[in-house]
Amino acid sequence: MKIDIAEAIKSTGEEFTAQLHGALPDIEFLGERYTFPDGVDVRLSWRYDGEGVIVTGRLDARIPVRCARCLAEFTYTIGADFAEYYKKQPEEGMYAYEDETIDLTQMLEDNVVINLPSKLLCREDCKGLCSRCGADLNKGDCGCGPETDGTNPFAGLSDKLK
């Protein structure tokens, strides 16, 4: 996904806007692969400040994922606001632009990763899987009952609660 900044460079301080829809490459992060089968929607504005281009906006996408607790597949909707600075000769923490074009791809990928929760859950109160039989506890009790294995260092605490 790219934007042409030629007019912005000629018109210092003037703001330009666009709404884009396009593909974003798969992202590999912490051993997970995130795909964007429906692409991403981006609303953005940009202006040249005499030295670089300030790009602000919002990205929205739907990502197929697995729940961290019960492993069910679901679609996570991500919405992220961003504000980034692009320069021809960037300093640390900035993005670069070439000629009169900004490629938004790396910035969008970075903003997706930054805005992913540490654990993706199918719902806030997901009960997960039974540690003994692997049943999905969201569908009902599995019948295993509480674990009373004597090797568990906390097994004696259940007696204290009675």
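Provided above is the structure to which this section pertains.
Since this is a predicted model, take the numbers as computed values, not measurements.

Caption draft 1: The sheet that holds strand 8 (residues 95–96), seen in detail. The five strands lie next to each other as 2-5-6-7-8, forming an open sheet whose pairing is mixed. Each having just a single partner strand, strand 2 (16–22) and strand 8 make up the two edges of the open sheet. In this sheet, strand 8 lies alongside strand 7 (residues 73–87) in parallel orientation, the contact comprising two bridges. Bridging from a neighbouring strand, Lys 87 pairs with Ala 96 of strand 8. Along the sheet, helix 2 (residues 105–114) contacts strand 5 (40–48), strand 6 (53–66), strand 7 and strand 8; its crossing angle with strand 7, the most-contacted strand, is approximately 130°.

Caption draft 2: Region of interest: the side chain of Glu 109. Inspection of the secondary structure assignment puts Glu 109 in helix 2. Of the side chains with opposite charge, Arg 33 comes closest to the buried, unpaired Glu 109, at an N-O distance of 11 Å. Apart from residues no more than four positions distant in its own chain, Glu 109 is found in contact with Leu 24, Pro 25 and Ile 27.

Caption draft 3: Broad picture of the side chain of Asn 111. With respect to the helices and strands, the residue Asn 111 is situated in helix 2. Excluding residues that lie within four positions of it along the chain, Asn 111 makes contacts with Leu 59, Ala 80, Asp 81, Phe 82 and Glu 84.

Procedures and definitions
- Residues numbered from 1 in each chain as written.
- Predicted model: local features only at pLDDT ≥ 70, side-chain atom pairs only at ≥ 80, totals over all residues.
- Heavy atoms only, no water.
- Pairing = 2+ DSSP bridges.
- Helix = DSSP H or I, 4+ residues; strand = E, 2+ residues; numbered from the N terminus.
- Contact = heavy atoms within 4.5 Å.
- Axes fitted to C-alpha atoms, helices over the stretch in contact; angles between N-to-C directions.
- Buried < 20%, exposed > 50% of the residue type's maximum accessible area, 1.4 Å probe, protein only.
- Lys, Arg positive; Asp, Glu negative; His and termini not counted.
- Salt bridge = Lys/Arg side-chain N within 4 Å of Asp/Glu carboxyl O.

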